[in-house]
Amino acid sequence: MNSVCILGLGYIGLPTAAMFATHGKKIIGVDVNKKIISTIKNGDVHIEEPGLKEMVLKAIQFGDLSVHSTPKPADAFIIAVPTPFKKKDFGNYQGRKYKKADLNYVIEATKMIVPFLKKGNLVVLESTSPPKTTIDVVKPILETSGLKAGSDFFLVYSPERVLPGRILEELKENARVIGGINKKSAEKAKELYQCFVQGDIITTDTITAEMVKLMENTYRDVNIALANEFSRLSGEIGFDLWEAIKIANYHPRVNILNPGPGVGGHCISVDPWFLVESVPEQTGLIYQAREINDTQPDFVINLIKKATKNNLRGKKIAALGLAYKPDVDDMRESPALKVIKKLMKYGAIINTFEPHAPGKNFEGITSKSTLNEAVNDAEIILLLVGHRQFISLKPDTLRQMTSANIIIDAVNGFDPKSLIKAGFSVVSLGKH
Ligand code: SAJ
């Protein structure tokens, strides 16, 4: 397999395209978003990811990657489009309102492949998808070509499992799961990915591969929910959760994750819903974890309310960080945005700063151009994302930058003792 057409040049599609292109394959990158195509053609990338821009430019320069708005014939096709949840259509099981997967991008991308599908081609679905999507949704669409999956062309599900911020390393190093609709399909895909994957390549069937991906992210969601629930106990009982987690994690079989303002991103806050939607009557724990993580921004708001004696109206708050997690520029489903929007609703005056997108606007919230501008005349500083730039701030430097006297830390990014020494009063999530 020499040529690969990759549909969707987002957080996964573009790094995957660059990886194949720099490992001997000819890549046709496709995206329906014209802005993305023109950005790449102009020598830039729309995603902040260490090493990505250089890799994409090199691939284009050597003629191994070209970008287009429609597919072209190729030996293999990879679908790497988003699978968000529906914004308006919800399910309901015994009063539990749950979110449903929106498979439109997957369906549209699959339809785009049909006119180009030839005998011997391989089709890979990489998008995180509800169980059975490969067989129930993708396969019938591809077979409208008149070709039969498994004999005329090969079909697999192979989830990406990389961590934003470390995508290029993890694409190579992580184990890759390949679920084929038959053995031959899985073997064909294994041959293809072998050109850059250094980790184990494990072959299985499509449903198992789909479940592996959903179970991994659900496992993480449930464990973060547990940490977040613990954070709600610390004030009630009166203990330092961070100290307790540190000590508990000395146990060889315990690894408690970090509490925070909630779970964001396009993966963990979305994927568990696919399981709830599939079998609502058997997913009480998964549902509950989603509930806890989705309401964690409210818990942070309550901390702020307490610190301001329920008097948020007109309070000048500098909110630090808008991204969904530290050291990335991705704002999708970010709990920081949720906290800020709610504070604004309560009448607080918010200045924000996102070091990965200074001066930019997200869902009506504008990041100031500098940290200084955001904190200058604030009354309260609210740390929402543990970006390196924030947690490395020296308390005395911060003291000189701001008129604020209160610091609220939702991520345990600051050392409260040295902040208190510098003259601040400090409220930290998980510290009573
Ligand atoms: N978070 C916490 N506490 C923690 C860890 C994370 O509150 O202890 C929060 C983060 O701040 C963030 C959210 O959870 O808001 C998710 O962050 P993450 O770093 O756990 O995961 P993602 O969404 O960036 O990437 C995940 C990864 N999955 C797992 O680790 C099981 C990644 O490997 C997947 O490829 C990715 O989802 C995906 O695309 O599905």
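How each quantity is defined
Residues numbered from 1 in each chain as written. Predicted model: local features only at pLDDT ≥ 70, side-chain atom pairs only at ≥ 80, totals over all residues. Heavy atoms only, no water. Axes fitted to C-alpha atoms, helices over the stretch in contact; angles between N-to-C directions. Helix = DSSP H or I, 4+ residues; strand = E, 2+ residues; numbered from the N terminus. Parallel < 35°, antiparallel > 145°, perpendicular 65-115°, else oblique. Left-handed = near helix turned anticlockwise from the far one by under 90°. Contact = heavy atoms within 4.5 Å. Pairing = 2+ DSSP bridges. Nonpolar A, V, L, I, M, F, W, Y, C, P; charged D, E, K, R; others polar. Buried < 20%, exposed > 50% of the residue type's maximum accessible area, 1.4 Å probe, protein only. Near = heavy atom within 4 Å. Polar contact = N/O pair within 3.5 Å; in protein donor to acceptor, adjacent residues only side chain to side chain. Areas by Shrake-Rupley, 256 points an atom, 1.4 Å probe, with all protein chains shown as cover. Arc of directions from axis to C-beta.

Visitor: I keep staring at the packing of helix 4 (residues 104-113) against helix 5 (residues 133-143) and nothing clicks. Help me out?
Guide: At a minimum axis distance of 9 Å, the contact between helix 4 and helix 5 shows a crossing angle of 25 degrees. Judged by the angle between their axes, helix 4 and helix 5 are roughly parallel. The hand of the helix 4/helix 5 crossing is right-handed. Across the interface between the two elements, Val106, Ile107, Thr110, Lys111 and Ile113 of helix 4 pack against Val137, Val138, Ile141 and Leu142 of helix 5.

Visitor: Can you walk me through the sheet that holds strand 2 (residues 26-30) in this structure?
Guide: Consider a sheet: its strands pair through backbone hydrogen bonds, and that pairing is either parallel or antiparallel. Here we have eight strands laid out as an open sheet, ordered 3-2-1-4-7-8-9-10, and mixed in their pairing. Two strands lie at the open edges of the sheet, namely strand 3 (65-68) and strand 10 (201-205), each paired on one side alone. Averaged over all pairs of adjacent strands, the angle between strand axes in this sheet comes to 25 degrees, irrespective of strand direction. Here strand 4 (residues 76-79) runs beside strand 7 (residues 122-125); their pairing, made up of four bridges, is parallel. Bridging from a neighbouring strand, alanine 76 pairs with leucine 122 of strand 7. Strands in contact with helix 1 (residues 13-21) are strand 1 (3-7), strand 2, strand 3 and strand 4; relative to strand 1, the strand with the most contacts, it is inclined by about 170 degrees.

Visitor: For this particular structure, what's the right way to read the packing of helix 8 (residues 206-238) against helix 10 (residues 271-278)?
Guide: Two packed helices can be described by the angle between their axes and the distance between those axes. Orientation of helix 8 relative to helix 10, taken along the N-to-C sense of each, is 110 degrees, at an axis distance of 8 Å. The angle between helix 8 and helix 10 places the two elements in the roughly perpendicular class. Handedness of the helix 8/helix 10 crossing: left-handed. Together, Met211, Lys213, Leu214, Asn217, Thr218 and Asp221 of helix 8 and Asp271, Pro272, Phe274 and Leu275 of helix 10 make up the contact between the two elements. Broken down by class, the residue content of the contact of helix 8 with helix 10 amounts to five nonpolar, two polar and three charged.

Visitor: Any chance you could explain the environment of lysine 58 here in plain terms?
Guide: Examined against the element boundaries, lysine 58 turns out to sit in helix 3 (residues 52-61). According to the relative accessible area criterion, lysine 58 is partly exposed, its value standing at 46%.

Visitor: Any chance you could explain the site of the ligand here in plain terms?
Guide: Close to the ligand lie 20 residues, the nearest being Glu160, Lys213, Asn217, Arg220 and Tyr324. Note that an oxygen atom of the ligand is positioned 2.8 Å from one of the backbone N or O atoms of arginine 161. Asparagine 258 is positioned with one of its backbone polar atoms (N or O) 2.7 Å from a nitrogen atom of the ligand. Here the ligand has 770 Å² of accessible area as a free molecule, and 87% of this is covered by the chains. With five residues, the single largest contributor to the shell around the ligand is helix 8. Considering only residue class, the shell around the ligand consists of nine nonpolar, four polar and seven charged.

Visitor: I keep staring at helix 4 and nothing clicks. Help me out?
Guide: For an α-helix, 3.6 residues make a turn, and residues three or four places apart therefore share a direction. Inspection of helix 4 places Val106, Ala109, Thr110 and Ile113 among the buried residues, and these make up the whole buried set. Buried residues of helix 4, seen end-on, are gathered within an arc of 100 degrees and therefore sit on one face of the element.

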